[in-house]
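# Inside the fold
Chain residues, written in single-letter form:
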Amino acid sequence: MAIPIGYVATTAFLAWCTFFAVVAPRRPRPLATLSFWFGMVLNEVPFLGILALIASTALAAAQDDLGSTTAKVTVAVAAVTTAGLAVSAWQGVHADQAVARALDEGLGAGWRDRVRVPLRRHRPWLRIVLLVGFMRRRGVRRIPDISYGDAGRHNLLDVYRHRDAPPDAPVLIYFHGGHYSGGAKNREARPLLYQLAAQGWTCISANYRLRPKTTFPGHQIDAKKVIAWVREHGSEYGADPAKLFVAGSSAGANLASLCALTPNDPMFQPGFESADTSVTGAIALYGYYGHYFGTPPDEPPPPLQPQGYLRPGGAPPLLIAHGTSDALGTVEGARDFVARLRRASDNAVVYVELRGGQHSFDVYHSARFEAVVDGVEAFAAWVLAGTIATSSGT
């Protein structure tokens, strides 16, 4: 009997990707890189992989292509692959439990009593299962490519806001990842940006200068420029700069954390030293926490970033989320940062460790990231409730 080449090829490719999604070897480095590139997508959207396997098997059966030994072996491989994807799906679906535990631990078991805004009760399952890449919201307007500096396209930002443009909105500034050498403002964390904007926030996603055009602290200076821009122009877009959060992914998480730990530091504000760059809180997603990339071997290493900039009592509330299977930014680095932060900070530190989570878990409407989005919204609401209570003297 003829071998169903299409079915065999489809199943083999999905099995290959599922191995790197579920097993996700983090060492040696070449395997870790393969884990990211081949495993990341299916790890976040396993339901689509399961549907693809079911559909391809059903099509092969309908065409009477499953009689050969090769086809039967392929069916067995498809069954094992489906089981692996089910494990990945289970881990993603149960991420909400990890988020809930982290909030209870970081904010206290009664944290919900302080929150004054309604929170989303259910994750958007239609988007999670079928519309994983559909980001737009009917009530949200994106205003692209606003200049905040003199570095051309590397100093552009996008504003996400509700079409009703509510005034005095909390603001979230987001910095993308990309090893300080790539990435763009319209790729990652869009489910978070659109969700918060739909709830009345003003959200900003910014580009910044990359290697080799700049090195540290050039990226950080640009991040501070974005904060200064919001303080000067945010009200034009409905933002209240007194309620300002920074967030980022991977290298962007490093930038956001360092912004949170270095308010008004003149080292990172050349030419705009008088600007207020303090923040209300920070969110770091699968961050890189270590020495700056590319440090010359004959020079002493700079301080760890952002750990080296910790000052006793000097950190605002932070939420840190990291996956246990992260192949590019280690979970051990995240744990070390959290431990140091908790020793030094007087404010809340929420640490969400996501079982099976890979780098770049914020690209799609995945069950895992939507649980994190809910956690970020709850964390920010808790922080803002405390800010309002403090300012009112209650």
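Scope of this entry: the structure provided in the associated data block. Everything numeric in this text was worked out from a predicted model, so none of it was measured.

## Focus on the pairing of strand β7 (residues 318-323)
- Within β7, six of the six residues are buried, which leaves the element mostly enclosed by the surrounding structure.
- A two-sided burial pattern is seen for β7, the buried positions comprising L318, I320 and H322 on one face and L319, A321 and G323 on the other.
- With four bridges connecting them, strand β6 (residues 281-285) and β7 associate as parallel partners. Each residue of the ladder has a partner; that of A284, found in β7, is I320.
- Handedness of the crossover joining β7 and strand β8 (residues 349-354) through helix α10 (residues 331-344) is recorded here as right-handed.

## Re the packing of helix α1 (residues 5-22) against helix α4 (residues 69-93)
- Relative orientation of the contacting elements α1 and α4 amounts to 30°, with a least axis distance of 9 Å. As judged from the angle between their axes, α1 and α4 are roughly parallel. When you trace α1 past α4, the crossing you get is left-handed. Within the contact between the two elements, α1 uses Y7, V8, T11, L14, A15, T18 and V22 and α4 uses T70, A71, T74, V75, V77, A78, T81, G84, L85, V87 and S88.
- In terms of residue class, the contact of α1 with α4 is made up of 11 nonpolar, seven polar and no charged.

## Some remarks on empty space enclosed by the protein
- Using the criterion set out here, one finds two cavities of 30 Å³ or more in the structure.
- Considered as a void within the structure, the largest cavity measures approximately 40 Å³ in volume.
- Taken together, N43, E44, P46, F47, S88, A89, G92, S366, A367 and R368 make up the lining of the largest cavity.
- The element best represented in the lining of the largest cavity is α4, accounting for three residues.

## Quick notes on the nonpolar core
- Grouped together as the largest cluster of nonpolar side chains are 51 residues, with contacts concentrated most on F175 and V246.
- Among the elements that take part in this core, helix α9 (residues 251-261) stands out by supplying eight residues, more than any other.
- Excluding residues that lie within four positions of it along the chain, V246 makes contacts with L172, I173, F175, I227, A256, C259, V279, G281, A282 and I283.
- By size, the runner-up hydrophobic cluster in this structure holds 44 residues, among which are W111, W201, C203 and A348.

Definitions and cut-offs
- Residues numbered from 1 in each chain as written.
- Predicted model: local features only at pLDDT ≥ 70, side-chain atom pairs only at ≥ 80, totals over all residues.
- Heavy atoms only, no water.
- Buried < 20%, exposed > 50% of the residue type's maximum accessible area, 1.4 Å probe, protein only.
- Helix = DSSP H or I, 4+ residues; strand = E, 2+ residues; numbered from the N terminus.
- Pairing = 2+ DSSP bridges.
- Right-handed = clockwise from strand over helix to strand, strands pointing away.
- Axes fitted to C-alpha atoms, helices over the stretch in contact; angles between N-to-C directions.
- Parallel < 35°, antiparallel > 145°, perpendicular 65-115°, else oblique.
- Left-handed = near helix turned anticlockwise from the far one by under 90°.
- Contact = heavy atoms within 4.5 Å.
- Nonpolar A, V, L, I, M, F, W, Y, C, P; charged D, E, K, R; others polar.
- 1 Å grid on protein atoms, 1.4 Å probe; cavity = no way out; pocket = protein on both sides within 12 Å on 5 of 7 lines; lining within 4 Å.
- Points joined across faces, edges and corners; volume = space filled by probe spheres on them.
- Core = buried A, V, L, I, M, F, W, Y, C linked by side-chain atoms within 4.5 Å.

By themselves, these are just geometric observations and shouldn't be taken as functional.
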